[in-house]
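Okay, here's what each chain looks like letter by letter:
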Amino acid sequence: MRTNDVLILGIETSCDETAAAVLLNGRRLLSQVISSQTKAHAVFGGVVPEIASREHCLHLGPTVQTALSEAGVGFADLSAIAVTYGPGLVGSLLVGVAGAKAMAFAAGKPLIAVNHLEAHVYANFLEQPDLEFPLLALLVSGGHTHLVLLRRHLDCLVLGRTRDDAAGEAFDKVARALGLGYPGGPALERAAREGDPAAFFFPRAALENGSLDFSFSGLKSAVLNMLNRARQRGDEIRLADVAASFQQAVVDILAWKTIAALETTGVPTLVLGGGVAANQALRERMQAETQARGLRFLCPAPVYCTDNGAMVAVCGYFRYKEGYFADWRLNAVPGLSLHDFYKESEKM
Ligand code: KG4
Ligand code: ZN
């Protein structure tokens, strides 16, 4: 370690992954540990908030210890501890925030408050720390679907958002109706590989002229109604075809709105973030659309699309550089929006 080195521990507990990572100078990931709770929730078919909080309590300490020891560093070597404080499940967030505060206080290190949505966008800086602004980000997760313009570091302007279900939520609900279990998104993607995306036509909501907002509830309902009708009539339908046709509709909606945003803003670079960005069909479509227009496209590796500590660490690194630190009053903010992140962070 050199004196100018910036070493950030990133902690993520907003939903059902307990994750920690250690990042050196914003570009060298020294360790990354994700303790997944999938098994604990799978039996219930979705995330049970109370179980998630308890699992975080059990796993936060060991996850952080493993991240530090794999990185070959101790608390004393850290420059700061960054933690997700919202949005997410309140009980889950509280475990991470309380844990990070205790660790930072005991180690005498600064605390950095990270917005989970911003961290998903910042996952792109892990592979490309010198990514140039402006950027357009399509953020697609289990709880959010946003088109975001980044004009400079830590300056996010939401251009469009979902008016009902998030893209990931639609994947999860349709996967459940198809009996694919939890977690739904990856299972639906696997099923779709064997299906015909043109087998069924499902609606793609365009909304008013010029709107960059999304809507997925009509699409979700159309799939669920079609399945119910087929079951009542005793019709044989290939579930893989339903999965592929649904996925195609989601990808179309996301692609059309994103292209419209790129054309309206004239921004030369598109980045993806959030769990749904791990979807191969979406990645390939965005790659093709941007290539055809001579635009730059970046997408984090799938492991950095779904919840992880590295994205919190890299976002924390840029906050550290800008001098934004949190104080001991930091609390979990389950309904935090992308615009809110300065309120609880103090510039020092
Ligand atoms: O970002 P994330 O890990 O957690 C939230 O912040 O919500 O996103 C989780 C969401 C879930 O809805 C999950 O089904 C979806 O991302 N997801 C996928 C894929 N992998 C995860 N959706 C489609 N295809 C995937 N391969
Ligand atoms: Zn997430």
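Below: a short report on this structure. Within each chain, residues carry numbers counting from 1 in the order of the written sequence. Both sets of labels track the order of writing: A upward for chains, 1 upward for ligands. Local features in this predicted model are restricted to residues of pLDDT 70 or higher, and side-chain atom pairs are both shown and tallied only at a pLDDT of 80 or more, whereas totals for entire chains, interfaces and linings draw on every residue. Each side-chain value is derived from all of the structure's non-hydrogen atoms; neither hydrogens nor water enter the calculation.

1. Some words on the side chain of Glu12
Strands are runs of DSSP state E lasting at least two residues, helices are runs of H or I lasting at least four, and both sets are numbered from the N terminus onward. Note that Glu12 resides in strand 1 (residues 7-12). Whether a residue is buried, partly exposed or exposed follows from its accessible area with a 1.4 Å probe, protein chains only, as a fraction of its type maximum: under 20%, in between, or over 50%, in that order. In this tally, Lys and Arg are treated as positive and Asp and Glu as negative; His is ignored, and so are the chain termini. Whenever a carboxyl oxygen of Asp or Glu lies within 4 Å of a side-chain nitrogen of Lys or Arg, that contact is scored as a salt bridge. Notably, Glu12 is buried but unbridged: the nearest opposite-charge side chain belongs to Arg319, and the N-O separation is 13 Å. In terms of polar contacts, Glu12 uses its side chain to reach the side chain of Ser14, at 2.7 Å. Here the side chain of Glu12 touches Thr84 through a polar contact of 2.7 Å, side chain to side chain. Contact criterion: two residues are considered in contact whenever any of their non-hydrogen atoms come within 4.5 Å of each other. With residues near it in sequence (within four places) discarded, Glu12 still touches Glu17, Thr18, Ala19, Thr84, His116, Asp307, Asn308, Gly309, Met311 and Val312. Whenever a nitrogen or oxygen atom comes within 3.5 Å of another N or O atom, the pair is scored as a polar contact, on the condition that within protein one atom can donate a hydrogen and the other can accept it, and that pairs from neighbouring residues in sequence are kept only if both atoms are in side chains.

2. Re the site of ligand 1
Whether a residue is near a molecule or strand is decided by its heavy atoms; if any one of them lies within 4 Å of it, the residue is near. The environment of ligand 1 is made up of 19 residues, and the closest members are His120, Gly142, Asp172, Glu189 and Gly275. Contacts to ligand 1 include His120, whose side-chain N or O atom sits 2.9 Å from an oxygen atom. Contact distances for ligand 1 include 2.7 Å between a nitrogen atom and a side-chain N or O atom of Glu189. Accessible areas in this description were obtained via Shrake-Rupley with a 1.4 Å probe; residue shielding takes into account the shown protein chains only. Here ligand 1 loses 87% of its free accessible area of 550 Å² to cover by the protein chains. When contributions to the shell around ligand 1 are tallied by element, the ones reaching two or more residues are helix 4 (116-122), helix 6 (167-177) and helix 7 (184-192). Think of it as three bins: nonpolar holds Ala, Val, Leu, Ile, Met, Phe, Trp, Tyr, Cys and Pro, charged holds Asp, Glu, Lys and Arg, and polar takes everything else, Gly as well. A class-by-class count of the residues in the shell around ligand 1 yields 5 nonpolar, 11 polar and 3 charged.

3. Observations regarding the pairing of strand 8 (residues 155-161)
Each pair of strands is called paired provided DSSP finds at least two bridges between the two strands. Examined bridge by bridge, strand 7 (residues 145-152) and strand 8 share 6 bridges and lie antiparallel to one another. Bridged to Leu149 within strand 8 is Leu157. Linking two consecutive strands that pair antiparallel, namely strand 7 and strand 8, is a turn of 2 residues; a positive phi of about 60 degrees is found at Leu154 within it.

4. Things to note about the pattern of salt bridges
Under the counting rule described, the total for this entry stands at 19 salt bridges. Between Asp252 and Arg204 there is a salt bridge, with its nearest N and O atoms 2.9 Å apart. In this pair, Asp252 sits in helix 9 (residues 239-265) while Arg204 sits in the loop between helix 7 and helix 8 (217-233), placing the two residues 48 residues apart along the sequence. Through salt bridges with shared partners, a single ionic network connects Arg204, Asp252, Glu263, Arg285, Glu289 and Arg293.

5. Some words on the environment of Asn124
Looking at the secondary structure, you find Asn124 in helix 5 (residues 124-127). Note on Asn124: relative accessible area 2%, which makes it buried. Expressed as a C-alpha distance, the spacing of Asn124 and Ala301, which sit 177 residues apart in the sequence, is 8.8 Å. Sequence-distant contacts of Asn124, that is, excluding residues within four places in its chain, are made with Leu131, Val271, Leu272, Leu298, Cys299 and Pro300. Polar side-chain contacts of Asn124 include one of 2.9 Å to the backbone oxygen of Leu272.

6. Some thoughts on the coordination of the zinc ion (ligand 2)
Ideal donor angles around a metal are set by the shape: a four-donor tetrahedron calls for 109.5 degrees, a six-donor octahedron for 90 or 180 degrees. In this description, a donor is an N, O or S atom within 2.8 Å of the metal centre, a cutoff extended to 3.2 Å for sodium, potassium and calcium. Water is not part of the atom list, which can make sites seem incomplete. Within the protein, His116 (NE2), His120 (NE2) and Asp307 (OD) serve as the donor atoms for the zinc ion (ligand 2), at 2.0 to 2.1 Å. In primary-sequence terms, the residues that donate to the zinc ion (ligand 2) follow H-x3-H-x186-D. With a gap of 4 residues between them, His116 and His120 both fall in helix 4, about one helical turn apart. On the basis of relative accessible area, His120 is assigned to the buried category, the value being 1%.

7. A short note on the sheet that holds strand 8
Read from one edge of the open sheet, 5 strands run 8-7-6-9-10, paired in mixed fashion. Each edge of the open sheet carries a strand with a single partner, namely strand 8 and strand 10 (296-298). When the angles between neighbouring strand axes are averaged without regard to direction, this sheet yields 25 degrees. With 3 bridges connecting them, strand 9 (residues 269-273) and strand 10 associate as parallel partners. To get an axis, fit a line to the C-alpha atoms, keeping to the stretch in contact for a helix; angles then go from 0 to 180 degrees between the N-to-C directions.

8. A few points about the packing of aromatic side chains
Side-chain rings of Phe, Tyr and Trp (the six-membered ring for Trp) are treated as a pair once their centres are within 6.5 Å; stacked means planes under 30 degrees apart, edge-to-face means over 60, and tilted covers the remaining angles. In this structure the tally under the stated criterion is 10 aromatic pairs. Aromatic pair Phe105 and Trp328: ring centres 5.4 Å apart, planes at 85 degrees, arrangement edge-to-face. With a gap of 223 residues between them, Phe105 in helix 3 (residues 90-107) and Trp328 in the loop between strand 11 (324-325) and strand 12 (346-347) connect regions that are remote in the sequence. Classification of Trp328 by relative accessible area gives partly exposed; the value is 43%. A centroid spacing of 5.6 Å and a plane angle of 90 degrees characterise the contact between Tyr320 and Phe325, whose relative ring orientation is edge-to-face. Judged by its relative accessible area of 12%, Phe325 falls in the buried class. An aromatic cluster of at least three residues, connected via ring pairs, comprises Tyr122, Phe125, Phe133, Tyr317 and Phe318.

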